[in-house]
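Residue-level structural notes
Residue-level listing of the chains:
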Amino acid sequence: MAADKLSRRQWLAGAGAAVATAPGTLTSPLPPENTGARGGLDGHVGPVENFTLSNARILVGDGTEQSGGVRVEGGKIVDLGSGVAGGTDLGGAVVFPGFFDGGSPIGLYEIDQEEGTHDDSESSDAVVPTARVVDAYNPLSAPIGVARRQGVLGGLCLPNGGLVAGQAAWVRFAGLTVADATVIDPAGLVINFGKGGTGGQPNAPRSRMGVAAKLREILDANKPPDDPHIHCSEDDQKRGRCDKGKCKVKPPDKPPEYTPSQRAWHAVHRREMKVILGANRADDILTAIEWARDYKLDAVLLGCAEGHLVARDIAESGFTAIAGPVSTQPSGWDTAYSRYDNLALLHAAGVNLVLRHGGPHQLRELGTEACLAVAYGLPYGAAIAAACGHNARKAWSLPLGKLALGEAATLAVSLGDPLQPRTRMSRAWIDGREVTLRSRQSDLFDRFRMLW
Amino acid sequence: MPGATFALVHATLLTISGPALPDSTLVVKDGKIAQVGGTVPGGMEVIDAKGGYVTPGLIDLHSHMGVYPWPDGRAHGDGNEMSTPFTARVWAGDSFDPEDPAIPRARAGGITTIQVLPGSGNIVGGRAAVLKLRPSRTIGPMVFAEAPPAIKMACGENPKRVYADKTDDDQVMSRMGEFAMIRDKFTEARDYRVARAGKAPPDWDETLEVLADVIDDKVRVNLHCYRSHDIAGWYRVADEFGFRIVTIHHALETYKVRDLLAAHGTGIATWPDWWGFKLESWDGIPEGPALVSNAGVPVATHSDSASHIQRFNIEAAKMVRYGMTEADALESITLDPARLLGVDKWVGSLDVGKQADLVLWDKNPLDGTALAQKTWIEGSVVYDRATEGVPSGRR
């Protein structure tokens, strides 16, 4: 046993002082990624390169596995599987698509308790349909590099707070500018049901009834101009007060001018912009589904902590469910019936699941979240599909989340099962360009690895 | 618990104090560990734990369960007596609600001992309650009787935030103000300590009594502190007044001054990877615990969260990712916290004579899919996954 271990065991007797570490003498186990290539501010190590990785376990992303290698040319995967040899021998390490988070305000703030760093919540009003996260997203935000280090290569960037919080975007965790980082914008308009939709912003509803009423009023008042029922409320239509044949809507003398806000709602009505519906309590999930169905919207559910109670309804809606974090256990009233096997139960009911972690600083633990879901019954392949972007492709056309011929070479190498909390990553590429796994944290580690 | 006598057989025993023992026997008699390894004595209930792993009950020395019980709500916020910056007279046990639904969830994660601390709004927040997580309607049967008294102190952003808006002598707006306040109070306590030993004892002052006991090393100091310069400042105060800081909690910048901790015989209680929630935590790095551990400092993983405490084994597994050995990571949730609480004579490892606080896992607990199957406190089953599943988290 090493001397320092013995002294640890004897520290209560005061022996700790005897081993006070002399400056400059400390050795430490060195995570291998810290020796990795330092990237530019944009996170990239170099330009698009052609490369081959071989002798790997390949998690395709859809839940299936292969063994062999991957060959990349011009930023695309050109060969995959047992026939690929040469290049870098990974010695049995795992190649997978990287993790893609289903929703957090990453890039929108640095430090929770420092308001000066916050751009995640446009709380000037409870309804801000024209606020876009791409106007606030900082591609150089520190949590991005920290997440990338654990193989999280992108995610859905969400605005926080309010009833209608603003427009989300899918981002990749590389690039110097927002344009470089953006994958899809807008990815959807974020709308919060339940207590999340009530708040202190001007014009905020104060109760769940207010949330539902206000959202119906907004949709009724902002129908697109080609809808003959533009002046008829949904309620009138339902109750038969509106007769389509007699409904007289005079064509305007000149095309009306619409506000940006109205145009955003028109896009929602026309299914040109998705709605991302935050709901955790079971009845809030049902309210969200009903609202989206009534107006025939293209919806995705977000949160779903109590989704297992209404799993069949979610499955029948056909809406993708962004669920998680799995570790949100019932600390509050909106999540009282949350369960660890929520994802397993939703999956079993046939729901298309996308996993999210939540906060930007711990986004790197997306794999651990997936592991926890596996511990409680989610099949391993389903967990990979939920955490690595594959299932997100069913809701958005994303160039990520699947290792197959012709796909963009966005992938990571993991020194073991990527879902296991003990596992480290070794390398990663986004669109064929290697990205650094160094971060602000590895710089601090290097600075204090030896005391001076 | 008299009468709790049985043998666990064919399990891998992660003894913590020694090497792992595959396919081995552990014998519990009258609530204590009576035998580690060897053959099963006759006439004893035998539990076949083939394929499973046994660890000591897990210990979390930073919990606010019971003082901020679920569900969150204004009426439940009993962890911070922020009426004045020095409230050594209060005891977390007086706020503790044994009906907190988080507690059975923690047992289901293999937790058997917790230290319930007051919050960090005050410079001296109050006394800790060290508890065994026995199912109980009242706190009495939960108290870890052998545990020495302990106190919570704090510094930096939290007291500064709480007391910046006061308009009386309690107001403090800067770190220098905090340290001036701390010195003033310990000067009072030092004078009180001299006086109470004299012929004309002063009027009883509970707060000064406790702080005088701190100087006498009768109360273990748990210091909430993040930044390296705050830690150096506290050592100046501790050295000046002659008290010992036993554990620095959160401790995210201790890796920068780990030599100071080793020299002062201080341990840390920390997370594997939390950072960024406040400026004090901005320089937290996940290799920090491994660096501090390698300097000869006891490192306990703590939760500070009723959610993370349910998956404490995963928190330890993350420590391994960032450079800690598996043995040290397991020690960080068992024997090291026991040492820092001063209860390692009774719990924290699988050794003959220790209280039989045990967890049976379906696989190695550092595997992220491992689940505690059974938890015992002093030989009594306090959790059984086969019959309880995951306990309800609602009230």
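Residues numbered from 1 in each chain as written. Chains lettered and ligands numbered in written order. Predicted model: local features only at pLDDT ≥ 70, side-chain atom pairs only at ≥ 80, totals over all residues. Heavy atoms only, no water.

Details of the side chain of Thr375 of chain B
Residues and elements named next belong to chain B. Filter applied, for reference: A helix here means a DSSP run of H or I that spans at least four residues, while a strand means a run of E at least two residues long, and both kinds are numbered starting from the N terminus. Any residue under 20% of the maximum accessible area for its type is buried, any over 50% is exposed, and the rest in between are partly exposed; the area is computed with a 1.4 Å probe on protein chains only. Nitrogen and oxygen atoms within 3.5 Å of one another constitute a polar contact, given that in protein one can donate a hydrogen and the other can accept it, and given that sequence-neighbouring residues count only through two side-chain atoms.
Note on placement: Thr375 falls in strand β16 (residues 372–377). In this structure Thr375 comes out as buried when scored by relative accessible area, which is 0%. Looking at Thr375, its side chain comes within polar contact range of the main-chain oxygen of Arg107, at 2.9 Å.

Topic: the packing of aromatic side chains
Applicable threshold: The rule is short: rings of Phe, Tyr and Trp, with Trp giving its six-membered ring, pair when the centres are within 6.5 Å, and they are stacked under 30 degrees, edge-to-face over 60, tilted in between. Whether a charge lies above a ring is judged from NZ of Lys or CZ of Arg, which has to be within 6 Å of the ring centre and within 35 degrees of the ring normal.
The full count for this structure, using the stated rule, is 18 aromatic pairs over all chains. Taken together, a centroid distance of 6.2 Å and an interplanar angle of 55 degrees make the contact between Trp291 of chain A and Tyr295 of chain A tilted. Since its relative accessible area comes to 1%, Trp291 of chain A is described here as buried. Residue class for Tyr295 of chain A comes out buried when judged on its relative accessible area of 6%. Taking 6.3 Å as the distance between ring centres and 65 degrees as the angle between the ring planes, the aromatic pair formed by Phe179 of chain B and Trp234 of chain B counts as edge-to-face. Remark: Trp234 of chain B occurs in helix α5 (residues 228–241) and Phe179 of chain B occurs in helix α3 (residues 175–196); sequence separation between them is 55 residues. Each member of the pair, Phe179 of chain B together with Trp234 of chain B, is buried. Linked through ring pairs, Tyr226, Trp271, Trp274 and Phe277 of chain B together constitute an aromatic cluster. Across the ring face of Phe144 of chain B, the terminal group of Lys132 of chain B is positioned such that the distance to the ring centre comes to 4.8 Å.

Describing unusual backbone geometry
The residue after Gly324 of chain A, namely Pro325 of chain A, is reached through a cis peptide bond having omega 0 degrees. Along the chain, the position of Pro325 of chain A falls in the loop between β12 (320–323) and α9 (342–348). The amide bond that connects Trp70 of chain B to the next residue, Pro71 of chain B, takes the cis arrangement and shows omega of -15 degrees. Its location among the elements puts Pro71 of chain B in the loop between β6 (58–63) and α1 (102–108). At His10 of chain B, a position not held by glycine, the phi torsion is positive, near 65 degrees. Mapped onto the elements of the fold, His10 of chain B is located in strand β1 (residues 6–13). Taking relative accessible area as the criterion, His10 of chain B reaches 39% and is therefore assigned partly exposed. Backbone geometry at His250 of chain B places phi at a positive 75 degrees, although glycine is not the residue there. You can call His250 of chain B buried: its relative accessible area is 2%.

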